[in-house]
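Examining the three-dimensional arrangement
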Amino acid sequence: MYFRRTALVTAICAASASAFSVAPNTGRSSIQNVLASNNIAKNDMAMKMSATVSETETAEETFLPMRPPLDMKWSNIADQLVERFGYTPDEVESYNVLETDKEALLKLYNSMNLARAFENACNQAYMQGKIRGFMHLDNGQESVPGLVDYAIKNGDKKYSYYREHTHAIASGVDPGAVMAELMMKETGTCKGAGGSMHIFDKATYFQGGWALVSEQLPYAAGAAKSILLDRELGLSDDASYEKQDVPPPADDDRISVVFVGEGGSQNGRMAEILNAASKDNLPLLILTIDNGRAINTFTPDIAQNNNVYLQGQHYGVPGLLVDGLNAVDVAKGGKAVIDYIRSGKGPAMLQVHTYRFNGHSPADPEHERGRKDEKAWARAEQDPIKAFEQKYTSNGMFT
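Residues numbered from 1 in each chain as written. Predicted model: local features only at pLDDT ≥ 70, side-chain atom pairs only at ≥ 80, totals over all residues. Heavy atoms only, no water.

**Some details on the overall build of the protein**
Check the secondary structure of the protein and you find 13 helices and 11 strands. Scored against the burial criterion, the 399 residues of the protein give a buried share of 52%. Considering only residue pairs separated by 6 or more positions, the protein has 75% of its internal contacts joining residues 24 or more positions apart. Of the roughly 18,600 Å² of accessible surface on the protein, a fraction of 53% belongs to carbon and sulfur atoms. (Helix = DSSP H or I, 4+ residues; strand = E, 2+ residues; numbered from the N terminus. Buried < 20%, exposed > 50% of the residue type's maximum accessible area, 1.4 Å probe, protein only. Contact = heavy atoms within 4.5 Å. Areas by Shrake-Rupley, 256 points an atom, 1.4 Å probe, with all protein chains shown as cover.)

**Considering the sheet that holds strand β11 (residues 348-353)**
With respect to topology, 7 strands assemble into an open sheet ordered β2-β3-β1-β6-β7-β11-β10, the strand pairing being mixed. Looking along the sheet, the strands with just one partner apiece sit at the ends: β2 (200-201) and β10 (319-323). Judged from the 5 bridges that link them, β10 and β11 form a sheet pairing that is parallel. Across the sheet, the residue bridging to aspartate 323 is histidine 353, located in β11. Packing of helix α11 (residues 327-345) onto the sheet brings it into contact with β7 (284-290), β10 and β11, and relative to β11 it is tilted by some 170 degrees. (Pairing = 2+ DSSP bridges. Axes fitted to C-alpha atoms, helices over the stretch in contact; angles between N-to-C directions.)

**Quick word on the nonpolar core**
Core analysis: the largest hydrophobic core is formed by 35 residues, its most contacted members being Leu81, Leu285, Leu287, Val337 and Leu350. Mapped onto this core, the elements with two or more residues apiece are α3 (74-85), α6 (143-151), β6 (256-261), β7, β10, α11 and β11. Considering every element that reaches this core, the biggest residue donor is α11, with 6 residues. Trp210, Leu284, Val308 and Met349 belong to the second largest nonpolar core, which has 19 residues in total. (Core = buried A, V, L, I, M, F, W, Y, C linked by side-chain atoms within 4.5 Å.)

**Topic: the side chain of threonine 189**
Within the secondary structure, threonine 189 is located in the loop between α8 (175-182) and β2. Among the residues examined, threonine 189 registers a relative accessible area of 19% and is labelled buried. Other than its neighbours up to four places away in sequence, threonine 189 contacts Val173, Ala177, Val178, Glu181, His198, Ile199 and Phe200.

**Points about the confidence of the model for the protein**
A residue-level look at the protein finds 84% of positions with pLDDT of 70 or above and a mean pLDDT of 86. Segment residues 1-7 is flagged for pLDDT under 50; beyond a separation of four residues in sequence, or across chains, it makes 11 contacts in the model. Confidence over residues 13-59 falls short of pLDDT 50; this stretch has 41 contacts with residues more than four positions distant or in other chains. (pLDDT = per-residue confidence, 0-100.)

**Looking at the packing of aromatic side chains**
Any aromatic ring pair is given by two values, namely how distant the centres are and how the planes are angled relative to each other. One pass over the structure, following the stated rule, counts 9 aromatic pairs. An angle of 25 degrees between the planes, with centres 5.3 Å apart, marks the rings of tyrosine 109 and phenylalanine 388 as stacked. Of this pair, tyrosine 109 sits in helix α5 (residues 102-127) while phenylalanine 388 sits in helix α13 (residues 384-394), and the two are 279 residues apart along the sequence. Across the pair, phenylalanine 388 and tyrosine 109 agree in class, each one buried. Chaining the aromatic ring pairs together yields one cluster made of Tyr109, Phe388, Tyr392 and Phe398. A cation over a ring is seen here: arginine 67 above tyrosine 355, with NZ or CZ 4.5 Å from the ring centre. Across the ring face of tryptophan 74, the terminal group of lysine 332 is positioned such that the distance to the ring centre comes to 4.1 Å. (Phe/Tyr/Trp six-rings, centres within 6.5 Å; stacked < 30°, edge-to-face > 60°. Lys NZ or Arg CZ within 6 Å of the ring centre and 35° of its normal.)

**Re the pattern of salt bridges**
Throughout the structure, instances matching the rule amount to 18 salt bridges. A salt bridge links aspartate 149 to lysine 107; its shortest N-O distance comes to 2.7 Å. A residue pair is termed long-range when its members are at least 10 positions apart, and aspartate 149 in helix α6 and lysine 107 in helix α5 qualify at 42 residues. In this structure lysine 107 comes out as partly exposed when scored by relative accessible area, which is 47%. (Salt bridge = Lys/Arg side-chain N within 4 Å of Asp/Glu carboxyl O.)

**A few points about α6**
Burial runs high along α6: 7 of the 9 residues are buried. Looking at α6, one finds that the buried residues are Ser143, Val144, Pro145, Gly146, Leu147, Val148 and Ala151.

**Thoughts on unusual backbone geometry**
Negative phi characterises most residues that are not glycine, and trans characterises most peptide bonds. A positive phi angle, close to 65 degrees, is found at methionine 184, a residue other than glycine. Of note, methionine 184 is situated in the loop between α8 and β2. Not every positive phi belongs to a glycine, and lysine 191 is a case in point at roughly 55 degrees. By the secondary structure assignment, lysine 191 is in the loop between α8 and β2. A relative accessible area of 60% means that lysine 191 is categorised as exposed.

**A short note on the pairing of β10**
Most of β10 sits out of view: 5 of its 5 residues are buried. Burial along β10 is two-sided: the residues Gly319, Leu321 and Asp323 and Leu320 and Val322 are all buried. Taking the sense of rotation as the criterion, the β-α-β connection linking β10, α11 and β11 turns out right-handed. (Right-handed = clockwise from strand over helix to strand, strands pointing away.)

**As for the environment of aspartate 138**
Relative to the elements of secondary structure, aspartate 138 occurs in the loop between α5 and α6. Taking the C-alpha atoms as reference points, aspartate 138 and glutamate 164, 26 residues apart in sequence, are found 7.8 Å from one another. If we skip the residues at most four places from it in the chain, aspartate 138 touches Glu119, Pro145, Arg163, Thr166 and His167. Only 2.6 Å separates the side chain of aspartate 138 from the side chain of glutamine 141, close enough to count as a polar contact. There is a polar contact of 2.7 Å between the side chain of aspartate 138 and the side chain of threonine 166. (Polar contact = N/O pair within 3.5 Å; in protein donor to acceptor, adjacent residues only side chain to side chain.)

**Overview of α11**
Along its 19 residues, α11 runs 25 Å from first to last C-alpha, staying within 8% of the 27 Å computed at 1.5 Å per residue. After α11 finishes, the residue glycine 346 shows a positive phi value of roughly 105 degrees. (Expected span 1.5 Å × (residues − 1).)

See below:
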């Protein structure tokens, strides 16, 4: 059975619960709304602490997640870019062009919706028995494929982990081929032999989901080294992706991108590639997707320091922390980091603070401490698609 792109996209959009809903115009930006609601919550909490509640009174308790939201503003990201990456304030301001680029914003929004719809369709097919084996969904983390679609180029070498469907699709891999791979069809990216955790596509240089935690890290560093060797030896890929004695173009600015979770970032391979990448000035982006859960474990329980973006300080590798709830800030800040690498200044780290809406896999009973309550809260309060809709309908960009 051959999957056609149009039919598949129609099907996954039908399976998606996400739609562009128009929020009422309150005259305030979404940031102001969040701040206002936070102030209301703080005042309400103060009143509860200072007053005696009678037996007849009832009060709804505000859910406090084990890992609090980041609530990071663009000004904080801008400060990081100036301090750690050497950008000037005017250079940082240039990335704000995205805020007024309606076409680019819509493209970013569509990429997030496609990611959400595809994962919803995967979940449905899994429950129907059409997809078997291991499968890990990316719902709630759509700002990452949004960044990939916005700032990563086709020729960049990409290495992901086992939760990689949306990274592949955002990289340009045909969604039909990805779905066919999950269903063990010959028309899949690996002719059905790889399955959910092993998407591979030569044309987009998407070189896999990797099933074992952190095993993709050294391969991505090696790919970054190969980019430098191509330039030094005068090599490039022909139409069949075989090496030929033709130098890459003068404006070759390819990079290698590796996706890893914050749990996997504690692995010893991270220190090794930071050292190697810094020593050889490799064009490597280490993109840490921080959802606070190392498979099922609450990451702070096993990690002494969760500020992964600062791990490179010892090696002279700068890092940036961004809030995954704000997909536009992730795109702006992420592109600034990527441009830093493309300019030949060496490797860099990007940590995206986000929340995963689903369990580790559809088979996960989610018995771990605090997970079910956090998931329900995150779906209501930390959805990057809903946040995008609220902000850009409230400010009049979209209706």
